[in-house]
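Below are the chains, spelled out letter by letter.
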Amino acid sequence: MKFKTLSVHAGQQVDPQTGALTTPVYQSSTFSYFTAEEGKARFGGQNPGFIYSRFGNPTTAELEQKLAALEGAEEALVVASGMAAVSAIMYALADSGDEVAFVDPLYGGTDAFLKQTLVRAGITVTRYGSDQELLDNISANTKVILFETVTNPNLKVIDPRKVVAAANKVGAISVCDNTFLTPYLMQPLQLGVDLVMHSGTKYLGGHGDIIAGVVAGRTELMAKVRTVALKHIGSPIGPQEAYLLQRGVKTLPLRMDAHLHNAQQLAQFLQSHPGVKKVVYPGLASHPGHEVLKDVSRGFGGMISIELDGGFGACARFLDKLELFTQAVSLGDLESLACHPASTTHAAMSAEARAAAGVNDDLVRLSIGVEDADDLIADIRQALA
Ligand SMILES: *Cc1c(COP(=O)(O)O)cnc(C)c1O
């Protein structure tokens, strides 16, 4: 079945007991196994069945089946946040003495986790400036490679095929953070990537009301990640959040089509506006990653970055005049959002690291929502004026 059908139906069955159409919220921390013999079999792994909601919960389990179908994965795991997903992947797959490679830039929280916390486990973290640099120079000691296909907030495009080639050279595990594109636009596993992860907080949830994380891949790797994420680190998602994430995912294709449509309209408007110094959107033919993304993705995403002359002062005047766009971090919500990364999401970075990540004082990041494009354009036009 096709993606839109799977997003509605996969992993979901009418509740055999009550006939409930949508997955019930199983708000229970523990589950009886009824007999001592059955308890022994469940703990021993001979029998399936739920035990304790840190290990698994029926609401979450149906969501995981849906997400596995959407990613074309053998198995998916849903956890408490995108950061819980990243940390579980790294602790599950890298040992002390191993090297973890990443293609710069990464999401700020991921960057900080690798450099400040993961290194304390005796794991070396190595930065590569581009997909080509990784492919040319990857070290034989590399165990895991982490990258984002469309980076934040400078919207650089990293070619997953080059990362897969680099991983194959040294037998490393490739991991794609696919938060910005979602499986509707790109399925990294079909391109040969070993694991895909998401901040479910963003487009998958889509409504700005939950924090969630997703990992998907083949069972052999997922078994390790699941154990570390749930049993050891202890970061399950709650059943209420799992329910909301499942509801969000059902409309993912409809929302993404609206995000894509609006982003393309806005990018074209911004490009023609004399008050905007630079427009960065992979959907513009002028973007250096346009052709690569066209090859691997069904669309260019809903994020646009612009540069205005005049640093923080000019950006602040623009942001404070916006009426429809809300000033907030996060992205992928129904609502359009705007932020000034240098003074907010990237303020804790050194000036050099900010420059390397392409974050300067003139940069404003826009998460384009699903409102009417004409209204969004009108809001930007008046704020620029
Ligand atoms: C937000 C985000 C994360 C972190 O996810 P949380 O759900 O906030 O923990 C990781 N990667 C990317 C690309 C993100 O945008």
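Since this is a predicted model, take the numbers as computed values, not measurements. (Residues numbered from 1 in each chain as written. Predicted model: local features only at pLDDT ≥ 70, side-chain atom pairs only at ≥ 80, totals over all residues. Heavy atoms only, no water.)

**Observations regarding the sheet that holds strand E3 (residues 124–128)**
And step 1. Here seven strands make up an open sheet; going across it, the order is E1-E7-E6-E5-E4-E2-E3 and the pairing mixed. At either end of the open sheet lies a strand with only one pairing partner, and these are strand E1 (75–79) and E3. With strand direction ignored, the average angle separating the axes of adjacent strands in the sheet is 20 degrees.
And step 2. Strands in contact with helix H5 (residues 108–117) are strand E2 (99–103), E3 and strand E4 (142–148); relative to E2, the strand with the most contacts, it is inclined by about 155 degrees. (Pairing = 2+ DSSP bridges. Helix = DSSP H or I, 4+ residues; strand = E, 2+ residues; numbered from the N terminus. Axes fitted to C-alpha atoms, helices over the stretch in contact; angles between N-to-C directions. Contact = heavy atoms within 4.5 Å.)

**Describing the side chain of Ser-235**
And step 1. Along the chain, Ser-235 turns up in the loop between helix H9 (219–233) and helix H10 (239–250).
And step 2. Discounting residues that sit within four places of it in the chain, Ser-235 has contacts with Val-79, Ala-80, Ala-84, Ala-229 and Leu-230.

**Let's talk about the sheet that holds strand E11 (residues 337–339)**
And step 1. An order of E8-E9-E12-E11-E10 is seen for the five strands of this open sheet, with the pairing classed as mixed. Since the sheet does not close on itself, it has two edges, and those belong to strand E8 (278–280) and strand E10 (326–327), each with one partner.
And step 2. Where E10 meets E11, two bridges bridge the pair, whose relative direction is parallel. What sits directly across from Thr-326, in E11, is Leu-337.
And step 3. Along the sheet, helix H13 (residues 311–321) contacts strand E9 (303–307), E10, E11 and strand E12 (363–367); its crossing angle with E12, the most-contacted strand, is approximately 25 degrees.

**What to know about the UniProt feature "modified residue: N6-(pyridoxal phosphate)lysine" (unreviewed entry) in the chain**
And step 1. UniProt marks Lys-202 with the feature "modified residue: N6-(pyridoxal phosphate)lysine" (unreviewed entry), using the numbering shown here.
And step 2. Along the chain, Lys-202 falls in the loop between strand E6 (195–199) and strand E7 (213–217).
And step 3. Here Lys-202 falls in the buried class, since its relative accessible area comes to 9%. (UniProt positions renumbered as here; feature names shortened; annotations may be inferred. Buried < 20%, exposed > 50% of the residue type's maximum accessible area, 1.4 Å probe, protein only.)

**Considerations on the nonpolar core**
And step 1. Counting residues in each nonpolar core, the largest one holds 82 residues, and the members touching the most others are Ile-304, Ile-306 and Leu-366.
And step 2. The element best represented in this core is helix H11 (residues 252–271), accounting for eight residues.
And step 3. Two domains each put at least three residues into this core: domain 1 (3–250) and domain 2 (252–384).
And step 4. Within the second largest apolar cluster, 31 residues are counted, among which are Ala-84, Leu-106, Leu-221 and Leu-230. (Core = buried A, V, L, I, M, F, W, Y, C linked by side-chain atoms within 4.5 Å. Domains from an automatic or database assignment.)

**Here we look at the site of the ligand**
And step 1. As a matter of local geometry, the ligand sits amid Ser-81, Gly-82, Met-83, Tyr-107, Glu-148, Asp-177, Thr-179, Phe-180, Ser-199, Thr-201, Lys-202 and Ala-212.
And step 2. Take Ser-199: an N or O atom from its side chain is 2.8 Å from an oxygen atom of the ligand.
And step 3. Contacts to the ligand include Thr-201, whose side-chain N or O atom sits 2.7 Å from an oxygen atom.
And step 4. When the ligand is considered free in solution it has 380 Å² of accessible area, and contact with the protein chains removes 93% of it.
And step 5. Its residues assigned to classes, the shell around the ligand comprises four nonpolar, five polar and three charged. (Near = heavy atom within 4 Å. Polar contact = N/O pair within 3.5 Å; in protein donor to acceptor, adjacent residues only side chain to side chain. Areas by Shrake-Rupley, 256 points an atom, 1.4 Å probe, with all protein chains shown as cover. Nonpolar A, V, L, I, M, F, W, Y, C, P; charged D, E, K, R; others polar.)

**Digging into the state of the cysteines**
Between two cysteines, a covalent bond joining their sulfur atoms is known as a disulfide.
And step 1. Inspection of every chain in the model, using the stated rule, returns zero disulfides.
And step 2. A disulfide-free cysteine, Cys-315 has its sulfur positioned 11 Å from the sulfur of Cys-339, the nearest such atom.
And step 3. Its relative accessible area of 5% is what places Cys-339 among the buried residues. (Disulfide = S-S within 2.5 Å.)

**Describing the pattern of salt bridges**
And step 1. Per the stated rule, a full pass over the model turns up 15 salt bridges.
And step 2. A salt bridge links Asp-194 to Arg-218; its shortest N-O distance comes to 2.9 Å. Linking Asp-194 in the loop between helix H8 (182–185) and E6 with Arg-218 in the loop between E7 and H9, this pair joins segments that are 24 residues apart in sequence.
And step 3. Two residues, Asp-309 and Lys-277, come together in a salt bridge whose shortest N-O distance is 3.7 Å. (Salt bridge = Lys/Arg side-chain N within 4 Å of Asp/Glu carboxyl O.)

**Some words on the pairing of E6**
And step 1. Within E6, five of the five residues are buried, leaving the element largely enclosed by the surrounding structure.
And step 2. Looking at chain direction, strand E5 (residues 173–177) and E6 are connected through three bridges and run parallel. Bridge pairing in E6 places Asp-177 opposite Met-197.
And step 3. The pairing of E6 with E7 spans five bridges and is antiparallel.

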